[in-house]
Amino acid sequence: ESSLILIRHGESMWNEKNLFTGCVDVPLTPKGVDEAIEAGKRICNIPIDVIFTSAMIRSQMTAMLAMMQHRRKKVPIITHKESEQAQSWSKIYSEDTKEQSIPVITAWQLNERMYGELQGLNKQETADRFGKEQVHEWRRSYDTPPPNGESLEMCADRAVSYFKDQVVPHLTAGKHVMVAAHANSLRSIIMHLDKLTSQEVISLELSTGIPMLYIFKEGEFIRRGSPVGPSEASVYAYTRNLATYRDTLDSMVQ
Ligand SMILES: O=C(O)[C@@H](CO)OP(=O)(O)O
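Rules used throughout
- Residues numbered from 1 in each chain as written.
- Predicted model: local features only at pLDDT ≥ 70, side-chain atom pairs only at ≥ 80, totals over all residues.
- Heavy atoms only, no water.
- UniProt positions renumbered as here; feature names shortened; annotations may be inferred.
- Helix = DSSP H or I, 4+ residues; strand = E, 2+ residues; numbered from the N terminus.
- Contact = heavy atoms within 4.5 Å.
- Buried < 20%, exposed > 50% of the residue type's maximum accessible area, 1.4 Å probe, protein only.
- Polar contact = N/O pair within 3.5 Å; in protein donor to acceptor, adjacent residues only side chain to side chain.
- Bend = angle between axes of the 7 residues up to and from the residue.
- Near = heavy atom within 4 Å.
- Areas by Shrake-Rupley, 256 points an atom, 1.4 Å probe, with all protein chains shown as cover.
- Salt bridge = Lys/Arg side-chain N within 4 Å of Asp/Glu carboxyl O.
- Phe/Tyr/Trp six-rings, centres within 6.5 Å; stacked < 30°, edge-to-face > 60°.

- In the annotation of an unreviewed UniProt entry, the entry for the protein reads phosphoglycerate mutase (2,3-diphosphoglycerate-dependent), and the organism field reads Aegilops tauschii subsp. strangulata.
- UniProt lists a comment for the protein under the heading Sequence similarities (unreviewed entry), and it reads "Belongs to the phosphoglycerate mutase family. BPG-dependent PGAM subfamily."

Have a look at this one:
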């Protein structure tokens, strides 16, 4: 059994301004930073061996801030494979140090859905101009793309393919994984994991900074507990393996 944590980034500076963001790379607000830290507290007892983030700063900030809270105190390290030089210049020469690190793999495929000509527009003003229903269809339908942007279906094409090709093999190998990404790239992944229909996904909404936990067992994804409880203990129904991991952390601090 392995665990999979999915987390949408904390509030960004354009979430705060109610602007369509998509592939525009904006940072978190102070509230978003707090959300990421709170999220980290909720998952501080869950094992994490490898982290995937999108290529965007808001998901990377969220993952890093959350990991600062983790009780295992491993160091999340962004892997650089964009060139041979980047790879060799960021090499770690100690096996012990590597053992105390968590690789962070960044992938554009996990980026937010590209919002086309809505990027930078105010969501309320856009609804006033084009009508609430049209804008809702652009934002939540499965197959209607916003003007010159990606539909959820197009976003799923890259995000879910990446998830199947790059993330699932780690889970199959027994590694515990965290994926920090975005409202719509995660909606497409959750649609796949929970086998939602294109009708059902319309009402799937993800809050900023709330981690969701899945257990991967015998090729199946099982959602654990409610992701919105007030404290870590009430949020997730621990499996026996997760409880053992938490006990190990308890004994390490004694
Ligand atoms: O602006 C965006 O990129 C997304 C997420 O904030 O918007 P929506 O609320 O339509 O999913």
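**Regarding the side chain of S188**
Okay, step 1: Mapped onto the secondary structure, S188 falls in helix α9 (residues 183-193).
Okay, step 2: Contact partners of S188, with chain neighbours within four places excluded, come to L152, C155, A156, A159 and V160.

**Thoughts on the side chain of S12**
Okay, step 1: For S12, the position within the fold is in the loop between β1 (2-8) and α1 (13-16).
Okay, step 2: On the basis of relative accessibility, which here comes to 1%, the residue S12 falls in the buried class.
Okay, step 3: If near-sequence neighbours (up to four positions away) are discounted, S12 is found in contact with V26, P27, L28, T29 and R58.

**As for the UniProt feature "active site" (unreviewed entry) in the protein**
Okay, step 1: Mapped onto the present numbering, the UniProt feature "active site" (unreviewed entry) falls at H9 and E112. Over a stretch of 104 residues, the named residues converge on one spot in the fold, their C-alpha atoms separated by at most 10.6 Å.
Okay, step 2: Looking at the element boundaries, H9 is found in the loop between β1 and α1.
Okay, step 3: Look at H9 and you get buried, because its relative accessible area is 2%.
Okay, step 4: With sequence-adjacent residues up to four places away left out, E112 is seen in contact with G22, C23, M56, R58, E150, R158, H182, A183, N184 and S185.
Okay, step 5: At 3.1 Å, the side chain of E112 and the backbone nitrogen of N184 are in polar contact.

**Overview of helix α8 (residues 152-172)**
Okay, step 1: The largest bend along α8 reaches roughly 35 degrees and is located at K164.
Okay, step 2: Backbone geometry just downstream of α8 places G174 in the positive-phi region, at approximately 90 degrees.

**Examining the site of the ligand**
Okay, step 1: With respect to spatial proximity, the complete set of residues near the ligand consists of R8, N15, L19, F20, T21, G22, E112, Y115, K123, R139, R140 and N184.
Okay, step 2: G22 is positioned such that a nitrogen or oxygen atom in its backbone is 2.7 Å from an oxygen atom of the ligand.
Okay, step 3: At 2.7 Å, a side-chain N or O of R139 approaches an oxygen atom of the ligand.
Okay, step 4: If the ligand stood free it would expose 310 Å²; the protein chains cover 96% of that surface.

**Some words on the pattern of salt bridges**
Okay, step 1: Tallying each qualifying case throughout the model produces 8 salt bridges.
Okay, step 2: A salt bridge links R71 to D250; the nearest nitrogen and oxygen atoms lie 2.9 Å apart. Of the two residues, R71 is situated in the loop between α3 (57-67) and β3 (75-78) and D250 in helix α11 (residues 240-253); the sequence distance between them amounts to 179 residues.
Okay, step 3: R71 sits in the partly exposed class, given a relative accessible area of 26%.
Okay, step 4: The partner of E150 in a salt bridge is R158, with the nearest N and O atoms 2.6 Å apart. Taken individually, E150 and R158 each receive the classification buried, so the pair is uniform in this respect.

**What to know about the packing of aromatic side chains**
Okay, step 1: Taken as a whole, this structure holds 5 aromatic pairs when the rule is applied.
Okay, step 2: For the pair F52 and Y162, a centre-to-centre distance of 6.0 Å together with 75 degrees between the ring planes defines the contact as edge-to-face. One end of the pair, F52, is in strand β2 (residues 50-53); the other, Y162, is in helix α8, with 110 residues separating them in the sequence.
Okay, step 3: Looking at F52, the relative accessible area reads 1%, which means it is buried.
Okay, step 4: Ring centres of F163 and F221 lie 5.9 Å apart, and the angle between their planes is 50 degrees; on these two criteria the pair is classed as tilted. Of this pair, F163 sits in helix α8 while F221 is found in strand β7 (residues 220-223), placing the two residues 58 residues apart along the sequence.

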